[in-house]
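# Observations on the model geometry
Here's the letter readout for the chains.
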Amino acid sequence: MSNISFTSSAPGYWANENIPHEDWNSAKWQLKNRVSSLADIEKHLTLCEEERAGILLTGTKLATAITPHYFNLIHPTDPDCPIRRQVIPRIEETHTDPSEMADPCGEDSHMPVPGLVHRYPDRVLFLVTDRCASYCRYCTRSRVVSGVSDQKLETQWDMAIDYLKKTPQVRDVLLSGGDPLLFSDVKLEKLLSKLHAIPHIQFIRIGSRIPIFLPQRITPELCATLRKFHPLFISIHTNHPKELTTEVHEALGRLADAGVMMGNQSVLLDKVNDSVDVQRELVQKLLMCRVRPYYLYQGDLIEGTAHLRTSISKGIEIIDGLRGHTSGYAIPQYVVDAPGGGGKIPINPEYIVESNEERTVLRNYEGKEFVYSESKLVPHPL
Ligand SMILES: *Cc1c(COP(=O)(O)O)cnc(C)c1O
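Residues numbered from 1 in each chain as written. Predicted model: local features only at pLDDT ≥ 70, side-chain atom pairs only at ≥ 80, totals over all residues. Heavy atoms only, no water.

## Section: the packing of aromatic side chains
Taken as a whole and assessed by the stated rule, the structure comprises ten aromatic pairs. Geometrically, the ring pair formed by Trp24 and Trp29 is tilted, given 5.5 Å between the ring centres and 45° between the ring planes. Trp29 shares its class with Trp24; the two are buried. Three or more aromatic residues link up through ring pairs in this structure, and these residues are Tyr13, Trp14, Trp24, Trp29 and Phe71. The residue whose ring lies beneath Arg123 is Tyr120, and the NZ or CZ to ring-centre distance is 4.1 Å. Note that Lys187 overlies the ring of Phe183, its terminal NZ or CZ placed 4.4 Å from the centroid. (Phe/Tyr/Trp six-rings, centres within 6.5 Å; stacked < 30°, edge-to-face > 60°. Buried < 20%, exposed > 50% of the residue type's maximum accessible area, 1.4 Å probe, protein only. Lys NZ or Arg CZ within 6 Å of the ring centre and 35° of its normal.)

## Considerations on the side chain of Glu107
The residue Glu107 is located in the loop between helix H6 (84–87) and strand E1 (116–120) in this model. Residue classification places Glu107 among the buried positions, given a relative accessible area of 5%. In this view, Glu107 contacts Val117, Arg119, Leu125, Arg141 and Arg143; residues no more than four positions away in its chain are not counted. (Helix = DSSP H or I, 4+ residues; strand = E, 2+ residues; numbered from the N terminus. Contact = heavy atoms within 4.5 Å.)

## Description of the sheet that holds strand E10 (residues 352–355)
If you trace the three strands from one edge of the open sheet to the other, you get E10-E11-E12, paired in antiparallel fashion. This sheet does not close on itself; its edge strands, each paired only once, are E10 and strand E12 (369–373). Ignoring which end each strand starts from, the neighbouring axes of this sheet average 20° apart. The sheet contact formed by E10 and strand E11 (residues 359–363) spans three bridges and is antiparallel. When the bridges of E11 are listed, Glu354 appears paired with Val361. (Pairing = 2+ DSSP bridges. Axes fitted to C-alpha atoms, helices over the stretch in contact; angles between N-to-C directions.)

## Some points on helix H12 (residues 276–288)
Spanning 13 residues, H12 covers 18 Å between terminal C-alpha atoms, matching the ideal 18 Å at 1.5 Å per step. Among all positions of H12, only Val276, Gln279, Leu282, Val283, Lys285 and Leu286 are buried. The secondary structure elements touched by the buried residues of H12 are strand E5 (232–237), strand E6 (261–267), strand E7 (292–297) and helix H13 (312–322). (Expected span 1.5 Å × (residues − 1).)

## Regarding the state of the cysteines
Under the counting rule described, the total for this entry stands at zero disulfides. A disulfide-free cysteine, Cys139 has its sulfur positioned 6.3 Å from the sulfur of Cys132, the nearest such atom. (Disulfide = S-S within 2.5 Å.)

## So, the site of the ligand
The ligand sits among Val117, Arg119, Tyr120, Arg123, Leu125, Leu174, Arg205, Tyr294, Tyr295 and Lys344. Note that an oxygen atom of the ligand is positioned 2.5 Å from one of the side-chain N or O atoms of Tyr295. Within the side chain of Lys344, a nitrogen or oxygen atom sits 3.1 Å from an oxygen atom of the ligand. When the ligand is considered free in solution it has 390 Å² of accessible area, and contact with the protein chains removes 90% of it. Contributing elements (two or more residues each) for the shell around the ligand: E1, strand E2 (123–127) and E7. When residues in the shell around the ligand are grouped by element, the largest group, three residues, is from E1. Across the shell around the ligand, the residue classes tally to six nonpolar, no polar and four charged. (Near = heavy atom within 4 Å. Polar contact = N/O pair within 3.5 Å; in protein donor to acceptor, adjacent residues only side chain to side chain. Areas by Shrake-Rupley, 256 points an atom, 1.4 Å probe, with all protein chains shown as cover. Nonpolar A, V, L, I, M, F, W, Y, C, P; charged D, E, K, R; others polar.)

## A short note on the sheet that holds E2
Strand order in the open sheet formed by nine strands is E1-E2-E3-E4-E5-E6-E7-E8-E9, with mixed pairing between adjacent strands. Two strands close off the open sheet at either side, each with one partner strand: E1 and strand E9 (343–346). Within this sheet the neighbouring strands show an average axis-to-axis angle of 25°, counted without direction. For E6 and E7, the ladder comprises five bridges, and the chain directions are parallel. Looking at E7, one finds that Gln265 is bridged to Tyr295. Packed on one face of the sheet, helix H7 (residues 157–165) meets E1, E2 and strand E3 (172–176) and runs near 170° to E2. Across the sheet, H12 touches E5, E6 and E7, and the angle it forms with E7 is around 145°.

Right, here's the structure in full:
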(Lines give C-alpha, C1' and ligand atoms only; values in the text may rest on other atoms or scores of the structure.)
Protein backbone atom coordinates (compact mmCIF):
# COMPACT_ATOMS: atom_id res chain seq x y z
CA MET A 1 0.00 0.00 0.00
CA SER A 2 2.81 2.43 0.74
CA ASN A 3 6.49 2.70 1.52
CA ILE A 4 5.67 3.63 5.11
CA SER A 5 6.35 0.71 7.41
CA PHE A 6 5.46 -0.17 10.95
CA THR A 7 7.94 -2.28 12.89
CA SER A 8 7.57 -4.05 16.21
CA SER A 9 9.47 -2.87 19.27
CA ALA A 10 9.78 -6.42 20.67
CA PRO A 11 11.89 -8.11 21.86
CA GLY A 12 14.77 -5.65 21.42
CA TYR A 13 17.00 -5.41 24.48
CA TRP A 14 14.98 -8.19 26.16
CA ALA A 15 15.78 -10.73 23.39
CA ASN A 16 17.90 -12.94 25.64
CA GLU A 17 15.45 -13.01 28.51
CA ASN A 18 12.75 -15.10 26.83
CA ILE A 19 9.90 -13.05 28.22
CA PRO A 20 6.61 -14.95 27.70
CA HIS A 21 4.31 -13.30 25.17
CA GLU A 22 1.56 -12.79 27.76
CA ASP A 23 3.98 -10.90 29.99
CA TRP A 24 5.40 -8.64 27.30
CA ASN A 25 1.87 -7.87 26.09
CA SER A 26 0.60 -7.08 29.58
CA ALA A 27 0.45 -3.45 30.72
CA LYS A 28 1.07 -4.64 34.27
CA TRP A 29 4.32 -6.38 33.31
CA GLN A 30 5.45 -3.36 31.27
CA LEU A 31 4.84 -1.00 34.20
CA LYS A 32 6.50 -3.29 36.72
CA ASN A 33 9.57 -3.62 34.52
CA ARG A 34 10.04 0.06 33.70
CA VAL A 35 13.65 1.11 33.32
CA SER A 36 14.47 3.84 35.82
CA SER A 37 17.87 3.50 37.48
CA LEU A 38 21.28 4.34 36.07
CA ALA A 39 22.31 0.68 36.44
CA ASP A 40 19.27 -0.57 34.51
CA ILE A 41 19.76 1.97 31.74
CA GLU A 42 23.48 1.20 31.45
CA LYS A 43 22.74 -2.51 31.10
CA HIS A 44 21.58 -1.69 27.58
CA LEU A 45 22.79 1.75 26.55
CA THR A 46 26.16 3.41 26.27
CA LEU A 47 25.64 6.81 27.89
CA CYS A 48 27.54 10.04 27.41
CA GLU A 49 28.74 12.02 30.45
CA GLU A 50 25.89 14.54 30.18
CA GLU A 51 23.36 11.71 30.38
CA ARG A 52 25.06 9.86 33.26
CA ALA A 53 25.22 13.06 35.31
CA GLY A 54 21.64 13.90 34.33
CA ILE A 55 20.30 10.56 35.52
CA LEU A 56 22.12 10.93 38.85
CA LEU A 57 21.18 14.57 39.50
CA THR A 58 17.67 15.17 38.17
CA GLY A 59 15.72 12.61 40.18
CA THR A 60 14.24 15.15 42.61
CA LYS A 61 12.42 17.15 39.95
CA LEU A 62 10.95 14.63 37.51
CA ALA A 63 11.40 10.88 37.88
CA THR A 64 13.00 8.77 35.18
CA ALA A 65 10.87 5.81 34.04
CA ILE A 66 10.63 4.17 30.63
CA THR A 67 8.48 1.18 29.67
CA PRO A 68 10.41 -1.71 28.06
CA HIS A 69 8.22 -1.26 24.95
CA TYR A 70 9.38 2.34 24.51
CA PHE A 71 12.94 1.73 25.75
CA ASN A 72 13.43 -0.66 22.82
CA LEU A 73 13.15 2.27 20.41
CA ILE A 74 16.26 3.93 21.88
CA HIS A 75 19.49 3.72 19.89
CA PRO A 76 22.15 1.88 21.96
CA THR A 77 24.92 4.45 21.51
CA ASP A 78 23.73 7.65 19.81
CA PRO A 79 23.11 10.48 22.35
CA ASP A 80 21.25 12.38 19.60
CA CYS A 81 18.73 9.56 19.11
CA PRO A 82 15.33 11.30 18.90
CA ILE A 83 13.74 8.75 21.26
CA ARG A 84 16.58 8.96 23.79
CA ARG A 85 16.35 12.75 23.98
CA GLN A 86 12.70 12.53 25.02
CA VAL A 87 13.13 10.22 28.03
CA ILE A 88 16.78 10.06 29.18
CA PRO A 89 17.68 13.01 31.44
CA ARG A 90 20.71 15.17 30.70
CA ILE A 91 22.71 17.42 33.02
CA GLU A 92 21.32 20.44 31.13
CA GLU A 93 18.07 19.86 33.07
CA THR A 94 19.75 21.39 36.11
CA HIS A 95 20.45 24.67 34.27
CA THR A 96 17.70 27.24 34.54
CA ASP A 97 17.40 30.12 32.11
CA PRO A 98 15.99 33.41 33.53
CA SER A 99 13.04 33.20 31.09
CA GLU A 100 12.05 29.75 32.38
CA MET A 101 9.35 29.01 34.96
CA ALA A 102 7.95 26.09 36.93
CA ASP A 103 4.41 26.87 35.72
CA PRO A 104 4.87 28.85 32.48
CA CYS A 105 1.27 28.46 31.29
CA GLY A 106 -0.07 29.88 34.55
CA GLU A 107 -2.23 26.86 35.34
CA ASP A 108 -1.99 27.07 39.12
CA SER A 109 -3.45 30.59 39.07
CA HIS A 110 -6.42 29.53 36.91
CA MET A 111 -7.79 26.82 39.19
CA PRO A 112 -11.23 27.53 40.68
CA VAL A 113 -10.85 24.14 42.43
CA PRO A 114 -7.47 22.42 42.99
CA GLY A 115 -6.83 20.20 39.94
CA LEU A 116 -9.32 21.96 37.65
CA VAL A 117 -7.96 24.60 35.23
CA HIS A 118 -10.68 26.86 33.86
CA ARG A 119 -9.03 29.26 31.41
CA TYR A 120 -11.36 29.33 28.42
CA PRO A 121 -15.08 30.20 28.59
CA ASP A 122 -16.57 26.84 27.60
CA ARG A 123 -14.03 24.15 28.49
CA VAL A 124 -11.86 22.96 31.35
CA LEU A 125 -8.69 21.00 31.89
CA PHE A 126 -9.15 18.41 34.65
CA LEU A 127 -5.88 17.05 36.11
CA VAL A 128 -6.87 13.62 37.39
CA THR A 129 -3.53 11.99 38.20
CA ASP A 130 0.14 12.89 38.56
CA ARG A 131 1.48 9.60 37.14
CA CYS A 132 2.47 8.56 33.59
CA ALA A 133 3.68 5.31 32.03
CA SER A 134 7.00 7.00 31.15
CA TYR A 135 8.23 10.54 31.79
CA CYS A 136 8.97 13.08 29.04
CA ARG A 137 11.95 15.26 29.94
CA TYR A 138 10.21 18.38 28.58
CA CYS A 139 7.00 17.76 30.57
CA THR A 140 4.92 20.93 30.79
CA ARG A 141 3.69 19.84 34.21
CA SER A 142 6.96 18.53 35.68
CA ARG A 143 6.29 20.74 38.74
CA VAL A 144 3.68 18.21 39.92
CA VAL A 145 4.06 15.10 37.71
CA SER A 146 5.77 11.84 38.81
CA GLY A 147 5.46 12.49 42.54
CA VAL A 148 9.12 13.30 43.33
CA SER A 149 9.08 17.10 43.45
CA ASP A 150 7.97 19.17 46.46
CA GLN A 151 4.80 20.46 44.82
CA LYS A 152 2.00 17.88 44.76
CA LEU A 153 -1.08 17.67 42.60
CA GLU A 154 -3.97 17.90 45.04
CA THR A 155 -7.05 17.32 42.93
CA GLN A 156 -10.27 17.83 44.90
CA TRP A 157 -12.53 15.28 43.24
CA ASP A 158 -15.87 16.08 44.85
CA MET A 159 -15.35 19.83 44.61
CA ALA A 160 -14.33 19.53 40.97
CA ILE A 161 -17.42 17.49 40.03
CA ASP A 162 -19.63 19.96 41.98
CA TYR A 163 -18.02 22.90 40.17
CA LEU A 164 -18.70 21.26 36.80
CA LYS A 165 -22.33 20.52 37.77
CA LYS A 166 -22.99 24.14 38.69
CA THR A 167 -21.06 25.71 35.78
CA PRO A 168 -23.31 25.27 32.74
CA GLN A 169 -21.02 27.16 30.37
CA VAL A 170 -18.59 24.21 30.50
CA ARG A 171 -19.49 21.98 27.57
CA ASP A 172 -16.12 20.25 27.03
CA VAL A 173 -14.00 18.53 29.70
CA LEU A 174 -10.42 17.57 28.96
CA LEU A 175 -8.97 14.91 31.27
CA SER A 176 -5.22 15.02 31.63
CA GLY A 177 -2.55 14.84 34.31
CA GLY A 178 -0.43 12.73 34.30
CA ASP A 179 -2.06 10.09 32.16
CA PRO A 180 -5.73 9.24 32.82
CA LEU A 181 -5.46 5.92 30.95
CA LEU A 182 -3.26 4.62 33.77
CA PHE A 183 -6.47 4.29 35.82
CA SER A 184 -8.05 0.85 35.98
CA ASP A 185 -11.04 0.28 33.72
CA VAL A 186 -13.32 0.42 36.78
CA LYS A 187 -11.92 3.71 38.08
CA LEU A 188 -12.01 5.28 34.62
CA GLU A 189 -15.60 4.14 34.08
CA LYS A 190 -16.67 5.72 37.39
CA LEU A 191 -15.10 9.04 36.46
CA LEU A 192 -16.42 9.07 32.89
CA SER A 193 -19.93 8.14 34.14
CA LYS A 194 -20.00 11.08 36.53
CA LEU A 195 -18.99 13.52 33.81
CA HIS A 196 -21.24 11.94 31.17
CA ALA A 197 -24.24 12.33 33.48
CA ILE A 198 -23.86 16.14 33.62
CA PRO A 199 -26.36 17.39 31.02
CA HIS A 200 -24.44 20.44 29.77
CA ILE A 201 -21.22 18.49 29.13
CA GLN A 202 -21.38 17.77 25.41
CA PHE A 203 -18.20 15.75 25.15
CA ILE A 204 -15.19 14.48 27.04
CA ARG A 205 -11.64 14.27 25.85
CA ILE A 206 -8.66 12.44 27.28
CA GLY A 207 -5.06 13.55 26.79
CA SER A 208 -2.87 10.45 26.86
CA ARG A 209 0.52 9.21 25.82
CA ILE A 210 -0.38 5.64 26.85
CA PRO A 211 -1.04 4.50 23.25
CA ILE A 212 2.63 5.39 22.53
CA PHE A 213 4.38 4.44 25.79
CA LEU A 214 2.19 1.49 26.72
CA PRO A 215 0.05 0.27 23.79
CA GLN A 216 -0.51 -2.94 25.79
CA ARG A 217 -2.93 -0.92 27.97
CA ILE A 218 -5.31 -0.42 25.02
CA THR A 219 -7.13 -3.71 25.57
CA PRO A 220 -10.46 -4.73 24.03
CA GLU A 221 -11.92 -4.35 27.56
CA LEU A 222 -10.71 -0.76 27.83
CA CYS A 223 -12.13 -0.01 24.38
CA ALA A 224 -15.48 -1.52 25.41
CA THR A 225 -15.51 0.81 28.43
CA LEU A 226 -14.59 3.91 26.41
CA ARG A 227 -17.24 3.37 23.75
CA LYS A 228 -20.00 3.82 26.35
CA PHE A 229 -19.12 7.50 26.62
CA HIS A 230 -19.36 8.84 23.09
CA PRO A 231 -18.68 11.38 21.78
CA LEU A 232 -15.23 10.68 23.21
CA PHE A 233 -12.03 12.22 21.90
CA ILE A 234 -8.48 11.15 22.72
CA SER A 235 -5.52 13.42 22.07
CA ILE A 236 -2.48 11.21 21.79
CA HIS A 237 1.07 12.57 21.95
CA THR A 238 3.67 11.44 19.41
CA ASN A 239 6.76 13.31 18.31
CA HIS A 240 8.62 11.00 15.97
CA PRO A 241 7.59 8.46 13.31
CA LYS A 242 9.70 5.74 15.00
CA GLU A 243 7.22 5.84 17.89
CA LEU A 244 4.47 4.53 15.60
CA THR A 245 5.35 0.84 15.92
CA THR A 246 3.26 -2.19 14.93
CA GLU A 247 1.96 -2.38 18.52
CA VAL A 248 1.00 1.30 18.51
CA HIS A 249 -0.61 1.03 15.06
CA GLU A 250 -2.75 -1.85 16.31
CA ALA A 251 -3.67 -0.13 19.58
CA LEU A 252 -4.75 3.02 17.71
CA GLY A 253 -6.74 0.80 15.34
CA ARG A 254 -8.64 -0.66 18.31
CA LEU A 255 -9.47 2.83 19.59
CA ALA A 256 -10.58 3.99 16.13
CA ASP A 257 -12.72 0.86 15.73
CA ALA A 258 -14.32 1.70 19.09
CA GLY A 259 -15.39 5.02 17.57
CA VAL A 260 -12.95 7.20 19.48
CA MET A 261 -12.03 10.39 17.59
CA MET A 262 -8.28 10.89 17.74
CA GLY A 263 -5.98 13.85 17.34
CA ASN A 264 -2.24 14.09 17.94
CA GLN A 265 -0.32 16.70 19.88
CA SER A 266 3.42 17.01 19.19
CA VAL A 267 5.98 19.19 20.86
CA LEU A 268 8.62 20.71 18.61
CA LEU A 269 11.91 19.44 20.05
CA ASP A 270 15.53 20.06 19.14
CA LYS A 271 17.15 17.08 17.35
CA VAL A 272 13.91 15.10 17.76
CA ASN A 273 11.49 16.44 15.18
CA ASP A 274 12.84 19.84 14.13
CA SER A 275 12.87 19.13 10.39
CA VAL A 276 10.28 19.11 7.62
CA ASP A 277 11.28 15.57 6.62
CA VAL A 278 10.69 14.06 10.08
CA GLN A 279 7.45 16.00 10.53
CA ARG A 280 6.13 14.99 7.10
CA GLU A 281 6.77 11.32 7.80
CA LEU A 282 5.19 11.65 11.25
CA VAL A 283 1.98 13.32 10.11
CA GLN A 284 1.50 11.01 7.13
CA LYS A 285 2.03 7.96 9.34
CA LEU A 286 -0.46 9.35 11.86
CA LEU A 287 -3.17 9.56 9.18
CA MET A 288 -2.49 5.92 8.35
CA CYS A 289 -3.17 5.20 12.05
CA ARG A 290 -6.46 7.11 11.74
CA VAL A 291 -5.17 9.97 13.90
CA ARG A 292 -5.51 13.57 12.74
CA PRO A 293 -2.55 15.83 13.61
CA TYR A 294 -4.05 18.48 15.93
CA TYR A 295 -1.42 20.73 17.51
CA LEU A 296 2.31 21.23 17.12
CA TYR A 297 3.44 23.00 20.29
CA GLN A 298 6.34 25.37 20.62
CA GLY A 299 8.24 24.14 23.70
CA ASP A 300 6.92 25.70 26.91
CA LEU A 301 9.42 27.72 28.96
CA ILE A 302 9.80 24.95 31.54
CA GLU A 303 12.81 25.13 33.85
CA GLY A 304 15.70 23.01 32.57
CA THR A 305 14.40 22.36 29.06
CA ALA A 306 16.33 24.96 27.01
CA HIS A 307 18.41 22.19 25.39
CA LEU A 308 15.23 20.68 23.96
CA ARG A 309 13.61 23.83 22.61
CA THR A 310 13.90 25.29 19.12
CA SER A 311 13.23 28.79 17.81
CA ILE A 312 9.72 29.85 16.78
CA SER A 313 11.07 30.49 13.27
CA LYS A 314 11.85 26.75 13.04
CA GLY A 315 8.21 25.93 13.73
CA ILE A 316 7.03 28.38 11.07
CA GLU A 317 9.50 26.86 8.60
CA ILE A 318 8.07 23.39 9.29
CA ILE A 319 4.46 24.42 8.73
CA ASP A 320 5.51 26.28 5.58
CA GLY A 321 7.20 23.09 4.38
CA LEU A 322 4.08 21.00 4.96
CA ARG A 323 1.22 23.23 3.75
CA GLY A 324 0.51 22.52 0.09
CA HIS A 325 3.18 19.82 -0.01
CA THR A 326 1.01 17.20 1.70
CA SER A 327 -2.64 16.54 2.56
CA GLY A 328 -4.37 19.33 4.43
CA TYR A 329 -5.59 16.69 6.90
CA ALA A 330 -1.96 16.02 7.81
CA ILE A 331 -1.15 19.55 8.93
CA PRO A 332 -1.32 20.43 12.63
CA GLN A 333 -1.90 23.93 13.96
CA TYR A 334 1.36 25.32 15.33
CA VAL A 335 0.75 27.06 18.69
CA VAL A 336 2.57 28.80 21.49
CA ASP A 337 0.98 28.33 24.90
CA ALA A 338 1.51 31.89 26.03
CA PRO A 339 3.88 32.34 29.00
CA GLY A 340 1.91 33.90 31.85
CA GLY A 341 -1.34 32.09 31.14
CA GLY A 342 -2.70 33.61 27.93
CA GLY A 343 -3.64 30.26 26.45
CA LYS A 344 -2.75 28.78 23.08
CA ILE A 345 -1.90 31.28 20.36
CA PRO A 346 -1.80 30.06 16.74
CA ILE A 347 1.27 30.89 14.69
CA ASN A 348 1.16 30.66 10.91
CA PRO A 349 3.52 31.36 8.04
CA GLU A 350 2.73 34.66 6.29
CA TYR A 351 0.86 34.14 3.03
CA ILE A 352 -0.26 37.75 2.56
CA VAL A 353 2.38 39.69 0.60
CA GLU A 354 0.43 42.98 0.69
CA SER A 355 -3.14 43.99 1.19
CA ASN A 356 -5.33 47.08 0.82
CA GLU A 357 -9.06 47.75 0.43
CA GLU A 358 -9.08 46.76 -3.25
CA ARG A 359 -6.65 43.93 -3.53
CA THR A 360 -4.65 41.39 -1.60
CA VAL A 361 -1.47 39.88 -2.99
CA LEU A 362 -1.02 36.33 -1.78
CA ARG A 363 1.75 33.80 -2.20
CA ASN A 364 1.13 30.10 -2.60
CA TYR A 365 3.14 27.15 -1.24
CA GLU A 366 5.54 27.38 -4.21
CA GLY A 367 6.19 31.08 -3.57
CA LYS A 368 4.20 32.21 -6.63
CA GLU A 369 2.14 35.37 -6.19
CA PHE A 370 -1.57 35.74 -6.92
CA VAL A 371 -3.89 38.73 -6.69
CA TYR A 372 -7.32 38.53 -5.12
CA SER A 373 -9.36 41.63 -6.00
CA GLU A 374 -12.18 42.67 -3.70
CA SER A 375 -15.18 43.50 -5.85
CA LYS A 376 -17.01 46.72 -5.06
CA LEU A 377 -20.78 46.30 -4.89
CA VAL A 378 -22.16 48.82 -7.42
CA PRO A 379 -25.91 49.55 -7.09
CA HIS A 380 -27.70 47.82 -9.96
CA PRO A 381 -29.37 50.29 -12.42
CA LEU A 382 -33.07 49.46 -12.39
C1 LIG B 1 -5.17 23.27 25.85
C2 LIG B 1 -6.15 23.61 26.88
C3 LIG B 1 -7.51 23.42 26.66
C4 LIG B 1 -8.06 22.87 25.35
O5 LIG B 1 -7.81 23.77 24.31
P6 LIG B 1 -8.31 23.45 22.83
O7 LIG B 1 -7.67 24.51 21.98
O8 LIG B 1 -9.79 23.50 22.84
O9 LIG B 1 -7.81 22.07 22.48
C10 LIG B 1 -8.38 23.78 27.67
N11 LIG B 1 -7.94 24.30 28.83
C12 LIG B 1 -6.63 24.50 29.05
C13 LIG B 1 -6.22 25.11 30.35
C14 LIG B 1 -5.68 24.16 28.10
O15 LIG B 1 -4.38 24.36 28.34
